[in-house]
Each structure stands twice: as C-alpha cells, then as structure tokens.
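# A look at the structure
Here is what each chain is made of, one letter per residue.
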Amino acid sequence: MGVIEGWEFPWITPSVSTGPMSESELVREQGGWVFAGSISNSILGFAFWALAAHLFTSSAVGITGSLVNLSSLATSIGILGLDNGLVRFIARVDRPRALMWQVLLVGGGLSSVMGIVLSTVILRVSNAAAAQEFAVLVVLSVALTTSQTCFQITDGSILAARKSEYLAYRAVAYGLAKIALVFTVAAAGVVGLFGAYTLPLLAITVVSLFLVWRVWPVRNENGIPTRIRELSSLSIGNWIHGFTYSLPSRLGPSIMLIFVGASPVAYFFIALQLAEVLNYIPESVSKSLFAHGSRRDHLPTALASSMRRLLAAILLPLVALGVLLAYIGMTIMGGTSYGAHGLALQLFLLATLPKAGIQLYKAQFNVDRRPLALIAMGSALGLSTLAFLVVGLVRHVDPDWLPLAWILGGILALGVGWWLSRRSLPSQPETRVSEG
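Just so you know, these numbers come straight off a predicted model, no measurement behind them.

## Digging into the overall build of the protein
Summing up its helical and strand segments, the protein has 14 helices and 2 strands in all. Seen along its three principal axes, the alpha-carbon backbone of the protein occupies a region of about 55 × 50 × 40 Å. If you take every contact in the protein between residues at least 6 apart in sequence, the share linking residues at least 24 apart comes to 80%. With the model as given, the accessible surface of the protein reaches about 19700 Å², and the carbon-plus-sulfur share is 67%. Here the protein holds 28 positive side-chain charges and 20 negative ones, and the gap between their average locations is 5 Å.

## Things to note about the packing of helix 1 (residues 23-55) against helix 7 (residues 189-215)
At a minimum axis distance of 12 Å, the contact between helix 1 and helix 7 shows a crossing angle of 165 degrees. Here helix 1 lies roughly antiparallel to helix 7, going by the angle between them. Read as a crossing pair, helix 1 and helix 7 show a hand that is right-handed. Residues Phe48, Trp49 and Ala52 of helix 1 form the contact with helix 7, whose own contacting residues are Leu193, Ala196 and Tyr197. Residue composition of the contact of helix 1 with helix 7, by class: 6 nonpolar, no polar and no charged.

## What about a nonpolar patch on the surface?
A surface patch of nonpolar side chains, about 510 Å² in accessible area, is lined by Val113, Ile116, Val117, Val121, Ile122 and Val125. Taking relative accessible area as the criterion, valine 125 reaches 66% and is therefore assigned exposed.

## Re the nonpolar core
Buried together is how nonpolar side chains tend to be arranged in soluble globular proteins. Counting 81 residues, the largest nonpolar core has Leu289, Met307 and Trp406 as the members making the most contacts within it. Contacts of tryptophan 406, omitting those with residues within four sequence positions, involve Pro248, Ser249, Gly252, Phe268, Leu272, Phe348, Ala351, Thr385 and Leu389. Ranked by size, the runner-up nonpolar core spans 30 residues in total, among them Ile63, Leu118, Phe194 and Ile204.

## A look at the packing of helix 3 (residues 82-89) against helix 8 (residues 232-260)
One way to put it is that helix 3 packs onto helix 8 with a least axis distance of 7 Å and a crossing angle of 130 degrees. The angle between helix 3 and helix 8 places the two elements in the oblique class. In this structure, the crossing between helix 3 and helix 8 has a hand that is right-handed. Contacts between helix 3 and helix 8 involve Leu82, Asn84, Gly85, Arg88 and Phe89 on the former and, on the latter, Leu234, Ser235 and Asn238. When its residues are assigned to classes, the contact of helix 3 with helix 8 shows 3 nonpolar, 4 polar and 1 charged.

## Considerations on helix 4 (residues 96-126)
With 31 residues, helix 4 should reach 45 Å at 1.5 Å per residue; the first-to-last C-alpha distance of 44 Å fits that figure. One or two residues past the end of helix 4 sits asparagine 127, with phi positive at roughly 55 degrees.

## Points about the pattern of salt bridges
Oppositely charged side chains are able to pair whenever their charged atoms sit close together. Tallying each qualifying case throughout the model produces 1 salt bridge. For arginine 170, the salt bridge is made with aspartate 155, and the minimal N-O distance between the two is 2.2 Å. Of this pair, arginine 170 sits in helix 6 (residues 165-184) while aspartate 155 sits in helix 5 (residues 131-160), and the two are 15 residues apart along the sequence. Judged by relative accessible area, aspartate 155 falls into the partly exposed class, the value being 24%.

## Section: the environment of proline 264
Looking at the element boundaries, proline 264 is found in helix 9 (residues 262-296). Note on proline 264: relative accessible area 23%, which makes it partly exposed. Counting along the chain gives 74 residues from proline 264 to tyrosine 338, while the straight-line C-alpha distance between them is 9.6 Å. Among all residues touching proline 264, those that are not within four sequence positions of it are Met256 and Pro399.

## Regarding the packing of aromatic side chains
All told, the structure shown has 8 aromatic pairs when counted by the stated rule. Consider the rings of tryptophan 33 and tyrosine 169, whose centres lie 5.8 Å apart with planes at 70 degrees: the pair is edge-to-face. Of this pair, tryptophan 33 sits in helix 1 while tyrosine 169 sits in helix 6, placing them 136 residues apart in sequence. You can call tryptophan 33 partly exposed: its relative accessible area is 23%. Taking the relative accessible area as the measure of exposure, tyrosine 169 reaches 46% and is therefore partly exposed. Where tyrosine 174 meets tyrosine 197, the ring centres are 6.1 Å apart and the plane angle is 85 degrees; that geometry is what we call edge-to-face. Here tyrosine 174, found in helix 6, pairs with tyrosine 197, found in helix 7; they are 23 residues apart in sequence, far enough to count as distant. The same class applies to tyrosine 174 and to tyrosine 197, which are both buried. One residue, arginine 170, lies across the ring of phenylalanine 151, its end atom 3.8 Å from the ring centre.

## Focus on the environment of arginine 296
Within the fold, arginine 296 resides in helix 9. Taking the C-alpha atoms as reference points, arginine 296 and serine 141, separated by 155 residues in sequence, lie 39 Å from one another.

## A short note on the confidence of the model for the protein
Of the residues in the protein, 91% reach a pLDDT of 70 or more, and the chain-wide mean stands at 82. The weakest mean pLDDT in the protein belongs to strand 1 (residues 3-5) at 48; the strongest belongs to helix 14 (residues 404-421) at 96. Counted against residues more than four places away or in other chains, residues 426-436, with its pLDDT under 50, gives 20 contacts.

Conventions adopted
- Numbering of residues starts from 1 in each chain and follows the order in which that chain's sequence is written.
- For a predicted model such as this one, the threshold for reporting local features is a pLDDT of at least 70, and the threshold for listing and counting side-chain atom pairs is 80 or more; totals across whole chains, interfaces and linings nevertheless cover every residue.
- Side-chain measures here rest on the full set of heavy atoms in the structure, leaving out hydrogens and waters.
- Here a strand is any run of E in DSSP of at least two residues, a helix any run of H or I of at least four, and the numbering for each starts at the N terminus.
- Contact definition: two residues touch when any of their heavy atoms are within 4.5 Å.
- The accessible surface values rely on the Shrake-Rupley method and a 1.4 Å probe; as for residues, cover is taken only from the protein chains in view.
- We score Asp and Glu as negative and Lys and Arg as positive, and we do not count His or the chain ends.
- Think of each charge as sitting on NZ of Lys, CZ of Arg, CG of Asp or CD of Glu.
- Axis angles are defined between N-to-C directions and span 0 to 180 degrees, where every axis is a line fitted to C-alpha atoms and, for a helix, only to the segment in contact.
- Note that the term roughly parallel is reserved for angles under 35 degrees, roughly antiparallel for angles over 145, roughly perpendicular for angles of 65 to 115, and oblique for everything else.
- Crossing handedness: left-handed means the near helix sits turned counterclockwise from the far one by under a right angle, and right-handed means the same turn made clockwise.
- Gly is put with the polar residues, along with every residue not named as nonpolar or charged; the nonpolar set is Ala, Val, Leu, Ile, Met, Phe, Trp, Tyr, Cys and Pro, and the charged set is Asp, Glu, Lys and Arg.
- A patch is a set of surface residues, each over 30% in relative accessible area and not in a salt bridge, joined within 9 Å for like charges and within 5 Å for the nonpolar side chains Val, Leu, Ile, Met, Phe, Trp and Tyr.
- One side-chain nitrogen of Lys or Arg within 4 Å of one carboxyl oxygen of Asp or Glu is enough to make a salt bridge.
- The buried label applies to any residue whose accessible area, calculated with a 1.4 Å probe on protein chains only, is under 20% of its type's maximum; exposed applies above 50%, and partly exposed to all values in between.
- Each nonpolar core is a collection of buried residues, namely Ala, Val, Leu, Ile, Met, Phe, Trp, Tyr and Cys, held together in the definition by side-chain atoms within 4.5 Å.
- Residue count minus one, scaled by 1.5 Å, sets the expected span of a helix.
- When the centres of two rings from Phe, Tyr and Trp lie within 6.5 Å, Trp using its six-membered ring, the rings pair. Their planes under 30 degrees apart give stacked, over 60 give edge-to-face, and anything left gives tilted.
- Ring-over charges, as used throughout, are those where CZ of Arg or NZ of Lys falls within 6 Å of the ring centre and within 35 degrees of the ring normal.
- Confidence per residue, as judged by the predictor, is encoded in pLDDT with a range of 0 to 100.

Shown next as structure tokens:
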C-alpha cells in the first residue's frame, strides 16, 4: 500500500512511497495529526465562545469563562505531569493497561479534589452564582476538571501508541458537539452554558477510555516491571517545566494591567493569542518526536536534525507572511483601533522561532529522562521573560514593544537548552523493549 508523504503542510509537495515509512516520515505524519487536532480545537473553541457571547448574557459568559479557566488551573496542578511520564514509559512496561489506569486514578483523583476546592472558594467569595445554581456549578466544575485530566492522560496514551489520528477526530467531535449543544440550552443561563461546555467532553472522555483499552495489551511479554512512582521524577520535571513555561502568558497581561491600564492590555492579549496558534506546530512535532523516541528509548541525532529543518521550512515562511499581514490581522480581529497595534503581533510572531527550538529540546530531554534539564530550560524561559517584561514596564517602554520580552526570554532559554544538550549525562542501562 502506498503512503502519502508530505501531506501535512500545503507548501511541501506530497509524494507517494510504497516502501516502509522512515522515522522522519513517521514523526511527521503523527505530528501532522496532533497539529490538526490542536488547530481544530482552537478554531471550534473560538466559534463556541463567539456563539455564547450572542446567545447568553455577559454575566453567564463571564462566570462560565472563569470556571473553565479555573478548571484548567486545577487540571494543571492535579495532573502532576503524569501524562508525559506515561508517554515515556507505557510502550516499555510489562503491564501497559495497569499503568495507564493507575495514572488515571491518581491524576483524576487529585484533579477532582482541586476542582472542588477551587470552584467552591471562588463561587463563595465572588457570590457570582445564585444559591440554587451553586451546587450544580461545583459539580460541573469537578466533572470538567476530571474529564480534562483523563482526556489529557488518554491523549498521551494514544500518542504513544502512534494513533494520533484519533486525537484529531476527538478534537473535532468535542468542538462540534459543544457548539450543537449550546443552541439547545440558550434559555438555561450559566448552568446551561457551562453544561454545554462540560458534558460533551465528559462523554467523549468515557468513550476514549474504551478506545485506549483496545490500543494497549494487558501484558507486554518483552516489557519491564514499572511502578507509577518510577514516573514521578520525569513527571514532576515536566510539571514544573510546563508551569514556568506558561507563566508569561498567564501573568503577563495581569502585570501589564497594573502598570498601563486595560486598553493596551486588550491589544497585547489579542496579539498574544493570535501568535500562539503558530506554536501549535512545534508543539505537535515535539509530542510526536517524544513519543517516537520513547518507543525506541533513544532519539537519533539525525532524526532531531531532520525535524529542525522541517520546522524551519514551515515556520520561517509563516512568520514572514504573518509579519507582513500583522496590521491587517489585528484590524480584522478588533477594527482599526487594534490594527494600529500590529507591531505587537509582529514581535510575538518572531518569538515563536526560538520557542520551536525549545520544543525540540523538550522532546530530547524527555527521552533522555533529564527532569532537571526540563526544569532549568522552562524556568529560564518563564522567569527571564517576566523579568524583561517588568523592566520594560518600569522603564515606561511603549506597550507595543513589550513583546520583545518574549523574544529575549526565548533566545535565552534556547541557549540554555543548547548548552544542556551538550552536557548529556549517561543514562542507566535498561532492558530494551522491542517495538513489536
């Protein structure tokens, strides 16, 4: 059977190969499906919130949006990076299903507790919900948090099994289901809107558990005994890396609000969100590379170099085009008042280039099982970016130039990743597991 190569991106000419797929082609194909899932989730998510803004009151949208973000925070705290640990080890353990269920129980349990605590505290303190809505909103928050955690863990399991096309199918199914449901609950207020966001994810997560049950065997005869605590160091490393890596995006707009007021933050936030779409590409390649290297227990240098060249071929033209069209893009998003701040989008687009290199180093450090390297690189990016941002704010730099902090922080973190990659530590000998 022929395999179509190079279909993932339109400016790479596809070709048909009748031979077995090379490592580079396999990583590209799996990364293409991960990217398709990410971009589908983003586009359908924008559509959902656009419909919600027209069908529901601003109060319902505000409460639901706050609870959704709160559930994401609870998920990021409760999951402890176990999804990445699962990707690294599940193909090589003697009991893959048992390990997956242990990770689901630990991650889902911790996230559920965090969901209860955070939603209860915020709803009580804010008095945003009526008494009759309070219990339902807390239950939906816990359901959303637990579903997001299990969804993320099964994502890792599916990715490790080289079935990434299911990630794209799930993303599209969830996006379309919540859009369809939002029309039927328009009269139900905040409970209806939050339910439309939560219940489709819960249903798809349950279905995913049956899917994952089929892609991994009960026992791998060539596997090695592995307990969940053996995932802990790498998982915690990924957790801290992810937390510090995302600090600028989470805290940057809030810090700016203190110094420059709401209007500049609005332009800044929209530019940041638009540029973030390009980061899906290196993230997708990194996840695919990580899963592939985990199955082999090794990431070949030639394969990493091939992916580096691929990302350069994809991102450089996209960034160049984005820089040229930045003012038009900002105008489309918010009118001429936003279009006047196209410089911010141009700088955020340039900041995606060092982040692409960081994502490749993240895959390498995960395969090499170097949690301290992950922490160092993520901390270098997050903390330095925030430091550059604060310096710019204190020195009253024009807000449109503040995204330079993301460029400088990215370059610094990329340098840290390069330096750490040249200081590879010898790994402990382990029993090899055939790919089967």
